[in-house]
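Read off the chains here:
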Amino acid sequence: MRKTWIVTLETYLRQIKSWSFLFMVIGPFLMIGLTVGISYVSANSASSSKQVAVISSSRSLRQAYLQQPTDNINAKITTTQAAEAAMKKNHLAGYLKLSESPQQVRADYHGSSRMASGLKAQTQNFLSQYQQTRNYQQAKLTTKQQRLMARTPVLQQHIAERAGTANLAKTISFWILVTMIYIILITYASIAAQEIASDKGTKIMEIIFSSTTATSYFVGKIGGILLVILTQIAIYLVGGWVAFQVAINNAALKPLITQNQSLIDAVLHNLLNLNLLYLFLGVIIYTILAAYSGAVVAKAEDASKAAQPVVMLGMFGFFATFPFQNNLDALLVKILSYVPFFSSYFMPMRIINGTVSGWEQAISLLILLVAIALFAGYIGSQYQRLMLQTDNRNFWQHLIHGWRRQS
């Protein structure tokens with residue numbers, strides 16, 4: 001056992017010290033930071049060109065308009081000359097000129113393009129209310145008559161917000177989970193195959209196998225790779241938590257997070273449960289298969305090619321989930337949720353949507369664990385022969401040859 005841990009630690013340290021691991025870990029953070037930064041700079045640079053000035057010779061009319069909750073309004077510009085000069089410099093999208101006569105209130109918009117639909121609706125609503133108030137004053141209606149004239153019909157929408165939030169949370173959780181499995185799989189399939197193939201046919205392997213069993217050495221190699229995967233996942237979790245804390249303390253983002261807190265909680269609940277175990281076990285079984293692919297190649301440089309069938313199998317499982325997102329009662333979904341290599345995709349999908357019982361989850365999990373144990377045991381029993389062989393047999397020829405030797 002001690003020798004297995006030595007191999008595990010050596011494999012782990014070699015992988016996390018590599019530049020590829022560093023770039024692989026910080027890559028998503030750099031992309032997110034770059035995207036947010038560009039969006040922020042772009043939004044700030046474009047905000048002034050989207051603003052509209054409000055001009056009026058009537059101070060009370062202008063102030064009444066500005067008292068509304070408005071977006072993209074430049075309240076500093078008060079004259080037509082200043083507004084037109086700002087438009088020439090592309091600092092304004094246009095200006096709204098308000099005027100009133102004894103009978104009517106009027107608004108004229110001057111701009112390089114049509115008025116935004118939101119601003120147009122807001123302006124029309126303001127003009128209607130302001131004109132109605134003036135009409136009441138000129139008609140000399142009593143307060144009771146004004147209240148009667150102000151009556152409007154009522155339209156209410158009754159939406160099951162919890163159900164809507166739950167459905168959205170299920171969709172988001174599904175995409176996060178299957179995408180994480182797929183990305184980790186295609187990333188570490190080639191790494192596992194290369195890690196195993198790098199020892200292929202070397203004299204040092206004969207010395208290693210004379211001091212420890214091939215199964216222990218293989219388990220140590222796989223354990224080291226899995227520790228690297230756990231390290232990357234842990235970094236993402238910590239990084240996500242730090243990003244969330246920064247966002248919740250940001251004055252601009254805090255209202256948005258507070259408004260969607262129930263959705264965030266539902267997504268985290270769907271991810272941080274048995275589904276996380278399914279994700280990890282799914283990665284384990286694909287990593288073992290990728291390691292076997294690396295062990296059967298004759299040359300280390302062919303490891304990436306040998307890992308392609310593993311990647312293709314993972315892609316098939318990933319894309320196979322798409323047609324069944326809204327048809328979880330399909331027989332194929334229920335069958336594949338118990339089949340190793342596919343259960344890590346389909347069972348979490350059923351768990352997220354609440355269409356599977358606890359005992360069904362336990363059976364599927366047990367089948368996956370048994371498959372991993374049997375698969376690892378079989379490869380461990382063949383590992384010494386595979387690592388010391390130098391022939392050019394392909395993956396299937398080695399697999400059939402191994403079965404014949406065992407039988």
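Right, let's walk through the structure included here. For clarity, every value in this text was computed on a predicted model and none was experimentally measured.

Some thoughts on the overall build of the protein chain
Here's step 1: Per the secondary structure count, the protein chain includes 18 helices and four strands.
Here's step 2: Counting every position in the protein chain, which comprises 407 residues, the buried fraction comes to 39%.
Here's step 3: The contacts of the protein chain with a sequence gap of at least 6 include a subset with a gap of at least 24, amounting to 72%.
Here's step 4: When the accessible surface of the protein chain is split by element, carbon and sulfur atoms take 62% of a total near 23,900 Å².

Comments concerning the environment of Ala197
Here's step 1: Along the polypeptide, Ala197 turns up in helix α7 (residues 161-197).
Here's step 2: For the pair Ala197 and Val296, spaced 99 residues apart in the sequence, the C-alpha separation amounts to 8.1 Å.

Some remarks on the nonpolar core
Here's step 1: Of all hydrophobic cores here, the largest spans 77 residues; its most connected members are Tyr188, Ile288, Tyr345, Phe346 and Tyr383.
Here's step 2: Sequence-distant contacts of Phe346, defined by excluding residues within four places in its chain, comprise Gly317, Ala320, Thr321, Phe324, Val333, Leu336 and Ser337.
Here's step 3: In terms of nonpolar packing, the next biggest core, distinct from the first, is built from 14 residues, Tyr65, Leu119, Leu127 and Tyr130 among them.

Quick word on helix α11 (residues 261-271)
Here's step 1: Listed in full, the buried residues belonging to α11 are Leu263, Val267, Asn270 and Leu271. For α11, the buried positions fall inside an angular range of 95° around the axis, keeping them on one side.

As for unusual backbone geometry
Here's step 1: With a phi angle near 80°, Phe341 is a residue other than glycine that sits in the positive phi range.
Here's step 2: Mapped onto the fold, Phe341 is located in the loop between α15 (331-336) and α16 (343-352).

Considerations on the packing of aromatic side chains
Here's step 1: Taken as a whole and judged by the stated rule, the model has 13 aromatic pairs.
Here's step 2: Here Phe126 and Tyr130 contribute two aromatic rings whose centre-to-centre distance is 5.6 Å and whose plane-to-plane angle is 35°, an arrangement assigned as tilted. Pair noted here: Phe126 and Tyr130 are both in helix α5 (residues 117-139), with a separation of four residues, about one helical turn. You'll find Phe126 and Tyr130 in the same group, each marked buried.

Observations regarding the environment of Gln325
Here's step 1: Relative to the helices and strands, Gln325 is located in the loop between α14 (308-320) and α15.
Here's step 2: Each C-alpha atom of the pair Gln325 and Arg350 lies 9.3 Å from the other, and the pair is 25 residues apart in sequence.
Here's step 3: Excluding its chain neighbours within four sequence positions, the residues that come into contact with Gln325 are Phe174, Trp175 and Met349.

As for the pattern of salt bridges
Here's step 1: Scanning the model with the defined rule gives four salt bridges in all.
Here's step 2: For the salt bridge of Glu360 with Arg350, the shortest nitrogen-to-oxygen distance reads 3.9 Å. You can see Glu360 sitting in helix α17 (residues 358-388) and its partner Arg350 sitting in helix α16, a full ten residues away along the chain.
Here's step 3: When its relative accessible area of 16% is taken as the criterion, Glu360 is described as buried.

Section: the environment of Thr4
Here's step 1: Along the chain, the position of Thr4 falls in helix α1 (residues 2-16).
Here's step 2: The exposure class assigned to Thr4 is buried, which follows from its relative accessible area of 9%.
Here's step 3: Look past the residues within four positions of Thr4 in its chain and what remains in contact with it is Ser216, Val219 and Gly220.

Looking at the packing of helix α9 (residues 214-248) against helix α12 (residues 274-296)
Here's step 1: For the pair α9 and α12, the least separation of the axes is 11 Å and the interaxial angle reads 135°. Overall, the two elements α9 and α12 adopt an arrangement that is oblique. The way α9 lies across α12 gives a crossing that is right-handed. Contacts between α9 and α12 involve Phe218, Ile222, Ile225, Leu226, Ile229, Leu230 and Ile233 on the former and, on the latter, Leu279, Phe280, Val283, Ile284, Thr287, Ile288 and Ala291.

Some points on the sheet that holds strand β3 (residues 94-100)
Here's step 1: If you trace the four strands from one edge of the open sheet to the other, you get β2-β1-β3-β4, paired in mixed fashion. Where the open sheet ends on each side, the last strands, each with one partner, are β2 (73-74) and β4 (105-111).
Here's step 2: As judged from the seven bridges shared by β3 and β4, these two strands associate in the antiparallel manner. Following the sheet pairing, Leu98 is matched in β4 by Ala107.
Here's step 3: Lying over the sheet, helix α4 (residues 80-88) contacts β1 (52-56), β3 and β4, oriented at roughly 160° with respect to β3.

Looking at the pairing of β1
Here's step 1: The buried fraction of β1 amounts to five of the five residues, a majority that puts the element mostly inside the structure.
Here's step 2: Side-chain alternation along β1 places Val52, Val54 and Ser56 on one buried face and Ala53 and Ile55 on a second face that is also buried.
Here's step 3: Taken together, the two bridges between β1 and β2 define a ladder with parallel strand orientation. Residue Ala53 lies in a different strand from β2, and its bridge partner there is Asn74.

Remarks on a nonpolar patch on the surface
Here's step 1: Among the surface-exposed residues, Trp19, Leu22, Phe23, Ile26 and Leu30 lie close enough to one another that they form a single nonpolar patch of about 540 Å² accessible area.
Here's step 2: When you line up the elements, Leu30 lands in helix α2 (residues 19-47).

Digging into the packing of α12 against α14
Here's step 1: α14 packs onto α12 with a crossing angle of 155° between their chain directions and a minimal axis gap of 8 Å. Put simply, α12 runs roughly antiparallel to α14. On α14, the residues touching Tyr286, Leu289, Ala290 and Ser293 of α12 are Val310, Leu313 and Gly314.
Here's step 2: Residues that form the contact of α12 with α14 fall into these classes: five nonpolar, two polar and no charged.

Rules used in this analysis
- Residue positions are given per chain, counted from 1 along the sequence in the order it is written.
- In view of the model being predicted, local features appear only for residues whose pLDDT reaches at least 70, and side-chain atom pairs are presented and counted only at 80 or more, with totals across whole chains, interfaces and linings using the full set of residues.
- Where side-chain values are given, they derive from all heavy atoms of the structure, hydrogens and water being excluded.
- Think of it this way: any DSSP run of H or I at least four residues long counts as a helix, any run of E at least two long counts as a strand, and we number them from the N terminus.
- Note on classification: 1.4 Å probe, protein chains only; a residue is buried when its accessible area is under 20% of the maximum for its type, exposed when over 50%, partly exposed between these limits.
- Any pair of residues with heavy atoms lying within 4.5 Å of one another is described as a contacting pair.
- Surface accessibility follows the Shrake-Rupley procedure with a 1.4 Å probe radius. Residue values consider only the protein chains on display as shielding.
- Take the buried residues of types Ala, Val, Leu, Ile, Met, Phe, Trp, Tyr and Cys, join any two whose side-chain atoms come within 4.5 Å, and each joined set is a nonpolar core.
- Here, the arc refers to the directions that run from the helix axis to the C-beta atoms.
- Between the rings of Phe, Tyr and Trp (Trp by its six-membered ring), a pair exists once the centres lie within 6.5 Å; its type follows the angle of the planes, with under 30 degrees stacked, over 60 edge-to-face, and the other angles tilted.
- Take a side-chain nitrogen of Lys or Arg and a carboxyl oxygen of Asp or Glu: if they are within 4 Å of each other, that pair is a salt bridge.
- Axis angles are defined between N-to-C directions and span 0 to 180 degrees, where every axis is a line fitted to C-alpha atoms and, for a helix, only to the segment in contact.
- Orientation labels follow simple angle bins: below 35 degrees gives roughly parallel, above 145 gives roughly antiparallel, 65 to 115 gives roughly perpendicular, and whatever is left gives oblique.
- Note on convention: the crossing is left-handed when the near helix lies turned anticlockwise from the far helix by less than a right angle, right-handed when the turn is clockwise.
- Two strands qualify as a pair provided that DSSP identifies no fewer than 2 bridges between them.
- Surface patches are drawn from residues lacking salt bridges whose relative accessible area is over 30%; two like charges belong together within 9 Å, two nonpolar side chains (Val, Leu, Ile, Met, Phe, Trp, Tyr) within 5 Å.
- For this scheme, ten residues count as nonpolar: Ala, Val, Leu, Ile, Met, Phe, Trp, Tyr, Cys and Pro. Four count as charged, namely Asp, Glu, Lys and Arg, and the remainder, Gly too, count as polar.

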